[in-house]
Amino acid sequence: MKLKNGIILNEKFNFEEGDLLFSNTIGASTDQEEIDVTGCYVLPGLVDVHTHGALGYTANSEEVDYDTWQSFLLRQGVTTFLPTTATGSQEKIYSSIAKLDKAVGINMEGPYLSIERKGAHEAGLLREVDLDFLEKVKDRVKIVTVAPEVGHNIDTIEKITAMGIRVAIGHSAADYETGKRAIEKGTTQITHTFNCCPPFLHRDPGLLGAAFENENVYCEVIGDGLHLHPSVVRMLYKQVGTERMVLISDAIAATGYEDGVYKLAGLTTYVQNREARLKDGTLAGSTVTLYDVLCRVTGFGIPLCDVAKMASYTPAKALGLTDVGSLAAGMDADVLVLNQDLSIRHVFYKGNQIV
């Protein structure tokens, strides 16, 4: 396959005009088919490392259908995603992980969270880290969210990372010193930065202060324009840069569907005007895809080349995914082609045309 005359986001994440050749990987191809994409942006497929669901179900749902979920996201240019489980009984989480065996990995958000900063997680099911459970799922779980101040959680971080599972701080009331200690023990990420954690204050920076000053910590951002004000997204972009800012959707079951009443790991969620909230008004994830996030964050005034990087390469790097996230030679041929108005022109997944 040859995409001709495109505005290609090269492996240095700068735009350049030219052709892109690929078969199942980026590089030379013996396939003679050509598509003229003059004036179109050619980007790597998007990588969503934090998405709970779509089309009426979530990763925790008994009836979750990975193939349907993946097909929906592929048409939205999301070529790699980590199904993200929310708090539930460990038996149900284990069952969900088993059903999602086709996924590249699992993001496990809960149940090792703080009641004080639980957000849309069921308080009665929160608990301290269970290392025996994580040992059982270590081959499938890529990252787990932990509130380090809860019980003995901070003392488990090194043991979790030794299993090959990355640790994120999230849904946490940790102060600056606790956040700093958790990072020193191996935490590499902040779950949906600013959401469900103490605010950053000039005399009490909290765990956010600890994360911002450490160059090894990635910062997830829900870029729907609701969870964070656009000025905060721009501020964080300037603070941590494209190498550390990870755009996510945090999408729930209502994504791809209409307003209504949905379930998020047992909690009733009300969606009105595309905003998802619990009965008490607590935000309960988003109803957007990562493609929607890319469009919105670009609309916040951040250059498309940088937004695309934070929605592809940076999340892949944060989770240790080495075959996706850029258009460098040898990478999987996951390609998103956008028109000038950012509408989707084509999507390719491992070299196969989806759209």
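Residues numbered from 1 in each chain as written. Predicted model: local features only at pLDDT ≥ 70, side-chain atom pairs only at ≥ 80, totals over all residues. Heavy atoms only, no water.

Trainee: In this structure, what is going on with the overall build of the protein? I would like to understand it.
Mentor: Check the secondary structure of the protein and you find 10 helices and 20 strands. A compact globule built from 355 residues should have a C-alpha radius of gyration of about 20 Å, and the protein, at 20 Å, falls within 12% of that. For the C-alpha atoms alone, the extent of the protein along its principal axes is close to 60 × 45 × 40 Å. Out of the 355 residues belonging to the protein, those deemed buried represent 58%. Across the protein, contacts joining residues at least 24 apart in sequence account for 67% of those joining residues at least 6 apart. Surface exposure of the protein reaches about 14,200 Å², of which carbon and sulfur atoms provide 47%. Seen as two clouds, the 32 positive and the 46 negative side-chain charges of the protein have centres 2 Å apart. (Helix = DSSP H or I, 4+ residues; strand = E, 2+ residues; numbered from the N terminus. Rg over C-alpha atoms; globule rule 2.2 N^0.38 Å. Buried < 20%, exposed > 50% of the residue type's maximum accessible area, 1.4 Å probe, protein only. Contact = heavy atoms within 4.5 Å. Areas by Shrake-Rupley, 256 points an atom, 1.4 Å probe, with all protein chains shown as cover. Lys, Arg positive; Asp, Glu negative; His and termini not counted. Charge placed at Lys NZ, Arg CZ, Asp CG, Glu CD.)

Trainee: Please clarify how the pattern of salt bridges should be interpreted in this entry.
Mentor: Charged atoms that come close allow side chains of opposite charge to pair. In this structure the tally under the stated criterion is 12 salt bridges. A salt bridge links E34 to K2, with the nearest nitrogen and oxygen atoms 3.8 Å apart. Taken together, the residues span a long stretch of sequence, with E34 in strand β3 (residues 34-36) and K2 in strand β1 (residues 2-9) at a distance of 32 residues. For E34, a relative accessible area of 42% corresponds to the partly exposed category. Residue classification places K2 among the partly exposed positions, given a relative accessible area of 24%. E275 is the salt-bridge partner of R277, the closest N and O atoms lying 3.2 Å from each other. Judged by relative accessible area, E275 falls into the partly exposed class, the value being 30%. One salt-bridge network, in which partners are shared between bridges, spans K2, K4 and E34. (Salt bridge = Lys/Arg side-chain N within 4 Å of Asp/Glu carboxyl O.)

Trainee: What should I look at first to understand the packing of aromatic side chains in this one?
Mentor: The description of an aromatic ring pair uses the distance of the two centres, along with the angle that the planes make with each other. Following the criterion strictly, the structure yields 8 aromatic pairs and no others. Measuring from ring centre to ring centre gives 6.5 Å for Y94 and F133, while their planes differ by 70°; the resulting arrangement is edge-to-face. One end of the pair, Y94, is in helix α2 (residues 90-99); the other, F133, is in helix α3 (residues 131-137), with 39 residues separating them in the sequence. Taking relative accessible area as the criterion, Y94 reaches 39% and is therefore assigned partly exposed. Look at F200 and F212: their rings are 6.0 Å apart centre to centre, the planes differ by 40°, and that puts the pair in the tilted class. Taken as a pair, F200 in the loop between β12 (189-190) and α6 (206-212) and F212 in helix α6 lie far apart in primary sequence, 12 residues in all. Judged by relative accessible area, which is 45%, F200 ranks as partly exposed. (Phe/Tyr/Trp six-rings, centres within 6.5 Å; stacked < 30°, edge-to-face > 60°.)

Trainee: I'm lost on unusual backbone geometry in this one. Help?
Mentor: Note: most residues except glycine have negative phi, and most peptide bonds are trans. Residue G110 is joined to P111 through a cis peptide bond whose omega torsion reads 15°. In this structure, P111 sits in the loop between β9 (106-109) and α3. The phi torsion at H171 lies on the positive side, around 45°, for a residue other than glycine. Residue H171 is classed as buried on the basis of its relative accessible area of 3%.

Trainee: Please clarify how the nonpolar core should be interpreted in this entry.
Mentor: Ranked by size, the top nonpolar core spans 77 residues in total, and within it W69, L134, M245 and L247 carry the most contacts. Residues M1, L3, F22 and M331 belong to the second largest nonpolar core, which totals 17 residues. (Core = buried A, V, L, I, M, F, W, Y, C linked by side-chain atoms within 4.5 Å.)

Trainee: Whenever I open this one, the sheet that holds strand β17 (residues 275-277) confuses me. Can you help?
Mentor: Strand pairing in a sheet relies on backbone hydrogen bonds, with the paired strands running either antiparallel or parallel. Strand order across the open sheet formed by 3 strands is β15-β16-β17, with antiparallel pairing between neighbours. For this open sheet the edge positions go to β15 (260-264) and β17, each flanked by a neighbour on one side alone. Neighbour to neighbour, the strand axes of the sheet diverge by 30° on average, direction disregarded. The pairing of strand β16 (residues 267-272) with β17 spans 3 bridges and is antiparallel. Bridge pairing in β17 places V271 opposite A276. (Pairing = 2+ DSSP bridges. Axes fitted to C-alpha atoms, helices over the stretch in contact; angles between N-to-C directions.)

Nothing here speaks to function; it is all geometry.
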